[in-house]
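# Notes for the structure review
One-letter residues, chain by chain:
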Amino acid sequence: MRYLRGLKLSDSILPGPNIYPYCVLNVYASEHLVFDTITFLYGDNGSGKSTILNLLASHLQLPGAEATRTLGDDYWGRYLKESAVLLDEDDAGRRQKIPENSRYIKSEDILYEIKKIQQEAIQREGYLYERQQLGMTKEQIAAHKDSYAMKQQMARRTFAQEKYSNGETALQVFEDYIQPNGLYLLDEPEASLSPEKQLQLIQQLHHAARFLNVQFIIASHSPLLLGGLEGTIYSFDQEGIFMKQWNDLPVVQLYQDFFNNKR
């Protein structure tokens, strides 16, 4: 499923190391990206992958889009106007609408959710909300709050939470965030995930893309994600954006050379 067909980057080239986002994207001026059901943005740190994702999120006004602070001229707003997104069309030739549950999910968002889940205050609020949903009145909840029975329940929950690693919690957060019929921009979703957990994430994303009408645009360094999901890979490692095969990516060649040297 595709909701977003493509992105055209600005034709303008503005010199200056501090003129963001031009200072990052000048080397890609006039480039076009055509998006697949699953599209990867691959490249070294600072190559512009996250800027591209935030550009898309800002164009589409997705939750998670980050407003950029500027001194003087609004170069970010100018770049938005000079670039353009193209929506896909349905079978009747009508432009697709971006589903409401679409969002831009950054690695720091996942880490924040992990910490929030682990906070006792958040667990307490969630527990009391559950009591209300089970039929407790406000008076009963007030009486139950801070009771010995509630303290026992919170102790059990804290113990259960501590059994799960950050990676396991991150997988649960992705499962909660990614809903059917949505466009999701993921920035380095492999952060905090072991190789085994990355393989589990691959299964989640594959299932969502194949059966739940979900489209993904993913910035990643992970050779497992890049090779484990079928889709289009754009490389940002040169002065220009190029489609690459998985086995031609520098990170894959780096791993291959490393393991060969360790034989």
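Whatever comes next refers back to the structure up there.
Cut-offs and rules
- Residues numbered from 1 in each chain as written.
- Predicted model: local features only at pLDDT ≥ 70, side-chain atom pairs only at ≥ 80, totals over all residues.
- Heavy atoms only, no water.
- Helix = DSSP H or I, 4+ residues; strand = E, 2+ residues; numbered from the N terminus.
- Buried < 20%, exposed > 50% of the residue type's maximum accessible area, 1.4 Å probe, protein only.
- Areas by Shrake-Rupley, 256 points an atom, 1.4 Å probe, with all protein chains shown as cover.
- Core = buried A, V, L, I, M, F, W, Y, C linked by side-chain atoms within 4.5 Å.
- Contact = heavy atoms within 4.5 Å.
- 1 Å grid on protein atoms, 1.4 Å probe; cavity = no way out; pocket = protein on both sides within 12 Å on 5 of 7 lines; lining within 4 Å.
- Points joined across faces, edges and corners; volume = space filled by probe spheres on them.
- Nonpolar A, V, L, I, M, F, W, Y, C, P; charged D, E, K, R; others polar.
- Expected span 1.5 Å × (residues − 1).
- Pairing = 2+ DSSP bridges.
- Right-handed = clockwise from strand over helix to strand, strands pointing away.
- Axes fitted to C-alpha atoms, helices over the stretch in contact; angles between N-to-C directions.

## Some words on the overall build of the protein
If you tally the helices and strands in the protein, you get eleven helices and nine strands. Counting across all 263 residues of the protein, residues that qualify as buried make up 40%. For the protein, the computed accessible surface area is about 15000 Å², with 49% contributed by carbon and sulfur atoms.

## A look at the nonpolar core
By size, the foremost hydrophobic cluster in this structure holds 30 residues, and its most contacted members are Leu9, Leu41, Leu185 and Ile217. At the level of secondary structure, the elements contributing two or more residues to this core comprise β1 (4–8), α1 (22–25), α2 (49–60), α3 (75–82), β6 (182–187), β7 (214–219) and β8 (232–238). The element that contributes the greatest number of residues to this core is α2, accounting for six residues. In this structure, leucine 185 is in contact with Leu53, Leu56, Ala57, Leu62, Arg103, Tyr104, Ile105 and Ile217, ignoring residues within four places of it in sequence. Core analysis: the second largest hydrophobic core is formed by 29 residues, Leu171, Phe174, Tyr184 and Val214 among them.

## Observations concerning empty space enclosed by the protein
All chains considered together, the criterion is met by one cavity of 30 Å³ or more. Taken as a whole, the largest cavity spans an internal volume of roughly 30 Å³. What lines the largest cavity is simply Ile105, Lys106, Ser107, Ile110, Phe174, Asp187, Glu188, Pro189 and Ala191. When residues of the lining of the largest cavity are traced back to their parent elements, those giving at least two are β5 (103–106) and α4 (107–118). Here the residues of the lining of the largest cavity are counted per class, giving five nonpolar, one polar and three charged.

## Some words on α2
Think of an α-helix as 3.6 residues a turn; residues three or four steps apart then line up on the same face. The terminal C-alpha atoms of α2, which comprises twelve residues, lie 17 Å apart, in line with the 16 Å expected from a rise of 1.5 Å per residue. In terms of residue burial, α2 counts as a mostly covered element, since ten of its twelve residues are buried. Every buried residue of α2 is listed here: Lys49, Thr51, Ile52, Leu53, Asn54, Leu55, Leu56, Ala57, Ser58 and Leu60. Of the residues trailing α2, glutamine 61 is marked for its positive phi of about 55 degrees.

## What to know about the pairing of β6
The buried fraction of β6 is high, at six of six residues. Residues of β6 alternate between two faces, with Gly182, Tyr184 and Leu186 on one and Leu183, Leu185 and Asp187 on the opposite face, all of them buried. Sheet topology note: the β5/β6 ladder contains four bridges and is parallel. Counterpart to lysine 106 in the pairing with β6 is aspartate 187. Two elements, β6 and β7, share six bridges in a ladder whose sense is parallel. Considered in β7, the bridge of leucine 185 is made with isoleucine 217. With helix α9 (residues 195–211) bridging β6 and the parallel β7, this β-α-β connection has right-handed handedness.

## Regarding the sheet that holds strand β2 (residues 32–34)
Spatial ordering of the open sheet is given by β2-β1-β4, a layout of three strands whose pairing is antiparallel. Two strands in the sheet have a free side with no partner beyond their single neighbour: β2 and β4 (84–87). Taken over all neighbouring pairs, the strand axes of this sheet differ in orientation by 15 degrees on average, direction set aside. Here β1 runs beside β4; their pairing, made up of four bridges, is antiparallel. Within the sheet, the bridge partner assigned to lysine 8 lies in β4 and is alanine 84.

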